[in-house]
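A look at the structure
Below are the chains, spelled out letter by letter.
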Amino acid sequence: MRNLYSILISLLVLFLTYSCTSKAIRKDRESNNLNERTVLDSLDKVDSIVSIEREENLDLAVSRAKRALSFALATHLPAPLVKANSIVGFAYLLKQKDSSFFYYSEGLKLANRYGISNQLPTIYCNLSKIYAATSDSKTSILFLDSAKRLATLNGNWVVLSDAYNELGNINLDVSDLPQARKMFDSAFQVAQRHSIYIQMGVALGGLASMEKDVSRSVSLNKQAIKYLIKSTGTKHEIASILINISAEETNSDSTIAYSLSALKTLEGLGIDELSIAAQNNIASGYMDKKEYSKAEYYLTQKAIPL
């Protein structure tokens, strides 16, 4: 009887010990999860600021993004580390794609190592843009297919629409116009369903580029700008569309006016490719007007130095 009593006491002690330990572990997990969510919320705010700053002050955007990365490193939390690497990658994406590739690749390694699948759609989509910029459309499409699949699973409609737009651009580059139109239409439908204005504007810009009717193309481009100006960090896209309108205008004064508007939008952004295109359009407009000295000025003093 005494042995049975001892056994019962031992079992009771073991049960209480296990119960306390389990509660402590559960509490630690809950605390870590709460801490991780708090850190991710803070990083989301930094991400929003960087997306605006990177157009006008790349150095400031990169500095802020790298401070966020240092903060994430200090937490030793995997999800914030992935997010912070992505923020730095995004800061560089517009103007320094080699640096962007490095940080997105680091984010991808961490996401795969720790099984953080909800951040993969954004990483895949932005890596695809880098590969597309190097004319590696095959790799770009592979990343976009993965981005679409995971974005659908995670309900990430921004990335899903973005991926369709990127596929539209790739098909446009290889002159597969029916497939390009299909992709841009899909991008617009997803974006419209979820009121995602940037992607709506980009999709309409893509559709406008395939229009044979100039007036219809200009109308679509103007509608695209109306959507884009509803969001911050879209000066690059707006300038690009203004340049497209300028190139399609048959009236020389309108050609010049739209390109000058594009240049004003691009002020301080340091995006030379678009600036050169705008300067060329202005020169073309002045040549049509037979004002050759002005055309020469925009070519030799503006476009060529860039």
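A quick note: this is a predicted structure, and the numbers were derived from the prediction, not measured.

Observations concerning the overall build of the protein chain
Looking only at helices and strands, the protein chain features 14 helices and zero strands. Ordered by position from the N terminus, the helices and strands of the protein chain form the series α-α-α-α-α-α-α-α-α-α-α-α-α-α. Per-residue burial for the protein chain yields a buried fraction of 42% across its 306 residues. Within the protein chain, contacts between residues separated by at least 24 positions form 54% of all contacts whose residues are at least 6 apart in sequence.

What about unusual backbone geometry?
Excluding glycine, a negative phi dihedral is what most residues carry, and trans is how most peptide bonds are arranged. One non-glycine residue, His 76, adopts positive backbone phi at about 60°. Residue position: His 76 is located in the loop between α2 (58–75) and α3 (78–93). Residue His 76 is classed as exposed on the basis of its relative accessible area of 67%.

Some remarks on the packing of α3 against helix α4 (residues 97–114)
Between two packed helices, both the angle of their axes relative to each other and the distance between the axes serve to describe the pair. Following both chains from N to C, one finds α3 and α4 inclined at 160°, their axes separated by 7 Å at the closest point. Compared by their axis directions, α3 and α4 come out roughly antiparallel. Considering how the two elements wind past one another, α3 and α4 form a crossing that is left-handed. From α3, Pro 78, Leu 81, Val 82, Asn 85, Ser 86, Val 88, Gly 89, Phe 90, Tyr 92 and Leu 93 reach across to α4, where they touch Lys 97, Ser 99, Ser 100, Tyr 103, Tyr 104, Glu 106, Gly 107, Leu 110, Ala 111 and Tyr 114. Along the lines of polarity and charge, the residues of the contact of α3 with α4 split into twelve nonpolar, six polar and two charged.

Details of the side chain of Asn 221
Residue placement: Asn 221 occurs in helix α10 (residues 214–228). Note on Asn 221: relative accessible area 1%, which makes it buried. Here Asn 221 is in contact with Gly 205, Ala 208, Ile 241, Asn 244, Ile 245 and Glu 248, once residues within four sequence places are set aside.

Here's the deal with the side chain of Ser 217
With respect to the helices and strands, Ser 217 occurs in helix α10. For Ser 217, a relative accessible area of 0% gives the class buried. The contact partners of Ser 217, leaving out residues within four places of it in the chain, are Ala 208, Glu 211 and Glu 248.

Side note on the nonpolar core
Counting residues in each nonpolar core, the largest one holds 85 residues, and the members touching the most others are Val 50, Leu 108, Tyr 124, Leu 127 and Leu 204. Among the elements that take part in this core, α3 stands out by supplying ten residues, more than any other. Non-local contacts of Leu 108, meaning those with residues more than four positions away in its chain, are made with Leu 120, Ile 123, Tyr 124, Leu 127 and Phe 143.

Side note on the environment of Asn 244
Here Asn 244 is to be found in helix α11 (residues 235–248). By relative accessible area, which is 34% here, Asn 244 ends up partly exposed. Placed 23 residues apart in sequence, Asn 244 and Asn 221 show a C-alpha to C-alpha distance of 8.2 Å.

Things to note about the packing of aromatic side chains
For any pair of aromatic rings, the description rests on two quantities: the centre-to-centre distance and the angle between the ring planes. One pass over the structure, following the stated rule, counts nine aromatic pairs. Each ring, one from Tyr 197 and one from Tyr 227, has its centre 6.2 Å from the other, and the planes form 15°; the classification is stacked. Within this pair, whereas Tyr 197 is found in helix α9 (residues 197–208), its partner Tyr 227 is found in helix α10, the two being separated by 30 residues in sequence. Accessibility expressed as a relative area gives 29% for Tyr 197, which makes it partly exposed. Look at Tyr 227 and you get buried, because its relative accessible area is 14%. Each ring, one from Tyr 297 and one from Tyr 298, has its centre 5.3 Å from the other, and the planes form 85°; the classification is edge-to-face. These aromatic residues form a ring-pair network of at least three members: Phe 101, Tyr 124, Tyr 131 and Phe 143. The cationic tip of Arg 54 hangs over the ring face of Phe 90; the distance from NZ or CZ to the ring centre is 3.8 Å.

Remarks on the confidence of the model for the protein chain
Here the protein chain shows a mean pLDDT of 88. Residues at 70 or above account for 89%. Low pLDDT, under 50, characterises residues 21–31; the stretch is placed with zero contacts to residues that sit more than four places away or in other chains.

So, the pattern of salt bridges
This model, assessed by the stated rule, comprises ten salt bridges. Here Lys 289 ties to Asp 253 by a salt bridge, and the two come within 2.8 Å at their closest N and O atoms. Taken together, the positions of Lys 289 in the loop between α13 (272–288) and α14 (292–303) and Asp 253 in helix α12 (residues 252–266) put the pair 36 residues apart, joining distant regions of the chain. Each of the salt bridges in this network shares a partner with another, and the network as a whole consists of Asp 253, Lys 289, Glu 291 and Lys 294.

So, α4
Taking 1.5 Å per residue, 18 residues should reach 26 Å; α4 reaches 26 Å between its end C-alpha atoms and fits that length. Turning to α4, its buried residues number three or more, namely Ser 100, Tyr 103, Tyr 104, Ser 105, Gly 107, Leu 108, Leu 110 and Ala 111. Buried residues along α4 sit against α2, α3, α5 (120–133) and α6 (137–154).

Procedures and definitions
Residues numbered from 1 in each chain as written. Predicted model: local features only at pLDDT ≥ 70, side-chain atom pairs only at ≥ 80, totals over all residues. Heavy atoms only, no water. Helix = DSSP H or I, 4+ residues; strand = E, 2+ residues; numbered from the N terminus. Buried < 20%, exposed > 50% of the residue type's maximum accessible area, 1.4 Å probe, protein only. Contact = heavy atoms within 4.5 Å. Axes fitted to C-alpha atoms, helices over the stretch in contact; angles between N-to-C directions. Parallel < 35°, antiparallel > 145°, perpendicular 65-115°, else oblique. Left-handed = near helix turned anticlockwise from the far one by under 90°. Nonpolar A, V, L, I, M, F, W, Y, C, P; charged D, E, K, R; others polar. Core = buried A, V, L, I, M, F, W, Y, C linked by side-chain atoms within 4.5 Å. Phe/Tyr/Trp six-rings, centres within 6.5 Å; stacked < 30°, edge-to-face > 60°. Lys NZ or Arg CZ within 6 Å of the ring centre and 35° of its normal. pLDDT = per-residue confidence, 0-100. Salt bridge = Lys/Arg side-chain N within 4 Å of Asp/Glu carboxyl O. Expected span 1.5 Å × (residues − 1).

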